[in-house]
Amino acid sequence: MIVCICQRVSDRDIVRVVRDGASSFEDLQIETGVASRCGCCRSCAQQIYDKACAEHGARAHAGPESRATSPAYA
Ligand code: FES
């Protein structure tokens, strides 16, 4: 399924980038360009990113803001 029409990014592309070790949504944007133009896809892309992180690697979801509030980093 295409998530981002502007940049032609699919849900599979997002999962692949998470599996490859994206450490934040911003990394995903750098790698794919998702949500970097009109922004209409941002919410959907974020949901797919969050789900992919939960399924394929919690490490990938731990961005700087996550570390600041996570008990694991307290
Ligand atoms: S649909 Fe993704 S930036 Fe426009």
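Nothing here was measured: the structure is a model prediction, and the numbers come from that model.

Colleague: Which parts of the structure should I look at to understand helix H3 (residues 42-56)?
Modeller: Counted at 1.5 Å a residue, the expected span for H3 with its 15 residues is 21 Å, and the 20 Å between its end C-alpha atoms agrees. Buried within H3 we find Ala45, Ile48, Tyr49, Ala52 and Cys53. Around the axis of H3, the buried residues are gathered within 140° of arc, so they sit on the same side. Opposite the buried face of H3, at more than 90 degrees from it, the exposed residues are Ser43, Ala54 and Glu55.

Colleague: How do you make sense of the nonpolar core when you look at a structure like this?
Modeller: Soluble globular proteins tend to bury their nonpolar side chains together. Judged by nonpolar contacts, the single largest core of 16 residues is most densely connected at Val3, Cys4, Ile14, Val18, Val34, Ala45 and Tyr49. Only strand E1 (2-4), helix H1 (11-19) and H3 provide two or more residues apiece to this core. Per-element accounting of this core gives the leading share, five residues, to H3. In this view, Ala45 contacts Val3, Cys4, Ile14, Val34 and Ala35; residues no more than four positions away in its chain are not counted.

Colleague: Can you walk me through the environment of Arg12 in this structure?
Modeller: With respect to the secondary-structure elements, Arg12 resides in helix H1. Residue Arg12 is classed as partly exposed on the basis of its C-beta count, with 13 C-beta atoms lying within 10 Å. Spatially, the C-alpha atoms of Arg12 and Ala52 are 9.7 Å apart, while their sequence positions differ by 40 residues.

Calculation rules
- The written sequence of each chain sets the order in which its residues are numbered from 1.
- Per-residue local features of the predicted model are confined to residues with pLDDT of at least 70, and side-chain atom pairs are confined, for both listing and counting, to 80 or more; whole-chain, interface and lining totals are unaffected and use all residues.
- Numbered from the N terminus, helices here are DSSP runs of H or I no shorter than four residues, and strands are runs of E no shorter than two.
- A helix is expected to reach a length of 1.5 Å times the quantity of its residues less one.
- The exposure label follows from counting other C-beta atoms within 10 Å of a residue's C-beta, where the C-beta atoms are placed from the backbone and the thresholds are 20 or more for buried and 12 or fewer for exposed, leaving partly exposed in between.
- The arc in question is the one spanned by the directions pointing from the helix axis to the C-beta atoms.
- Buried Ala, Val, Leu, Ile, Met, Phe, Trp, Tyr and Cys residues form a nonpolar core when they are connected through C-beta atoms within 7 Å.
- Each residue is represented by a C-beta atom placed from its backbone, and any two residues with such atoms within 7 Å are regarded as in contact.

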